[in-house]
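Geometric and topological summary
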Amino acid sequence: MIKPRLHLLCLAYVQERIDACQAAIQAAQESANSETKSSAGDKYETGRAMAQNERDRNAVQLQQARQLLGELQRIHPELPCDTVRPGALVHTSLGWFYISISAGKLVVEGQEYFAVSAAAPVAAALAGQRVGGQVVFNGKSIQLLAIQ
């Protein structure tokens, strides 16, 4: 089955983001801790402020990655879908879409799939449709060929 494999690739994508954010937060903290007070007090304060900004930016990105993980955990890829909704693998005249999170292009067994969020414009246009349905997106007609 392809959906569980795509789901695992999305989980790996999110875990990489989480790990990268945590490493960046730790590096920024270590940088701030290693700043030493010198006669140039302004330089010390500027360095600590920059490190704090870096920690804050990465903390926001970490929170966003954790939200993506939560979205993925609500999807059960082993369940079949008969309409386009989160967790659906949709074959259209434009290609394959896994409605989950925005993880971009994924390749399984040489076939390209696009992991898109349910809020993505193409997913929103397809939402609720069934096999055989047709929607217009960006001026193009899209046929729904299969839904898993």
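Attention here is on the structure that accompanies the text. (Residues numbered from 1 in each chain as written. Predicted model: local features only at pLDDT ≥ 70, side-chain atom pairs only at ≥ 80, totals over all residues. Heavy atoms only, no water.)

What about the pairing of strand β1 (residues 89-92)?
What counts is decided by this rule: At least two DSSP bridges between two strands are needed for those strands to be called paired. Numbering of helices and strands runs from the N terminus; a helix is a DSSP stretch of H or I covering at least four residues, while a strand is a stretch of E covering at least two.
Where β1 lies against strand β2 (residues 95-100), four bridges are found, and the strand directions are antiparallel. Of the residues in β2, the one forming a bridge with V90 is F97. Between β1 and β2, which pair antiparallel and follow one another directly, the connecting turn spans two residues. In this sheet, strand β6 (residues 140-147) lies alongside β1 in antiparallel orientation, the contact comprising three bridges. Bridge pairing in β6 links H91 to A146.

A short note on unusual backbone geometry
Heads up, the rule is: Here the term buried applies to any residue with accessible area under 20% of the maximum for its type, exposed to any over 50%, and partly exposed to those in between, with areas from a 1.4 Å probe on protein chains only.
Positive phi, close to 50°, is recorded for E109, a residue that is not glycine. Inspection of the secondary structure assignment puts E109 in the loop between β3 (104-108) and β4 (111-117). The phi dihedral of N138 falls on the positive side, at around 50°, and the residue is not glycine. What makes N138 exposed here is its relative accessible area of 67%.

Observations regarding helix α1 (residues 2-34)
Cut-off, in case you're wondering: Expected helix span is taken as 1.5 Å per residue step, with the number of steps being one fewer than the number of residues.
Relative to the 48 Å expected for 33 residues at 1.5 Å per residue, α1 spans 48 Å between its end C-alpha atoms, a close match to the ideal helical length. Taken as a whole, α1 has its buried residues at I2, K3, L6, H7, C10, V14, I18, C21, A28 and A32.

Re the side chain of T92
Put simply, the rule reads: Any N or O atom pair separated by 3.5 Å or less is treated as a polar contact, with the protein-specific requirement of one donor-capable and one acceptor-capable atom, and with residues adjacent in sequence counted only for side-chain atom pairs. The contact rule is simple, with two residues in contact once any of their heavy atoms fall within 4.5 Å.
Following the sequence through the fold, T92 ends up in strand β1. Classification of T92 by relative accessible area gives buried; the value is 2%. Only 3.0 Å separates the side chain of T92 from the backbone nitrogen of L94, close enough to count as a polar contact. For T92, the contacting residues outside a window of four places in its chain are F97, L126, I142, Q143 and L145.

Quick notes on the pattern of salt bridges
Rules: A side-chain nitrogen of Lys or Arg and a carboxyl oxygen of Asp or Glu constitute a salt bridge if their distance falls within 4 Å.
A full pass over the atoms with the stated rule returns four salt bridges. Between E109 and R5 there is a salt bridge; the shortest N-O distance is 2.5 Å. Here the residue E109 occupies a position in the loop between β3 and β4, and R5 occupies one in helix α1, the gap between them amounting to 104 residues. By relative accessible area, which is 38% here, R5 ends up partly exposed. For E112, the salt bridge identified is with K105, shortest N-O distance 3.4 Å.

A look at the nonpolar core
Operational definition: Nonpolar cores were defined as sets of buried Ala, Val, Leu, Ile, Met, Phe, Trp, Tyr and Cys residues, with membership established by side-chain atoms within 4.5 Å.
In terms of nonpolar packing, the biggest core is built from 20 residues, with L6, C10, L89, I101 and Y113 touching the most fellow members. The set of elements that each furnish at least two residues to this core consists of α1, α2 (41-73), β2, β3 and β4. Looking at this core, the element that brings in the most residues is α1, giving six residues. If we ignore the near neighbours within four places in the chain, the residues touching C10 are L72, Y98, S100, I101, A103, L106 and A115. Core analysis: the second largest hydrophobic core is formed by 16 residues, V116, A123, F137 and I147 among them.

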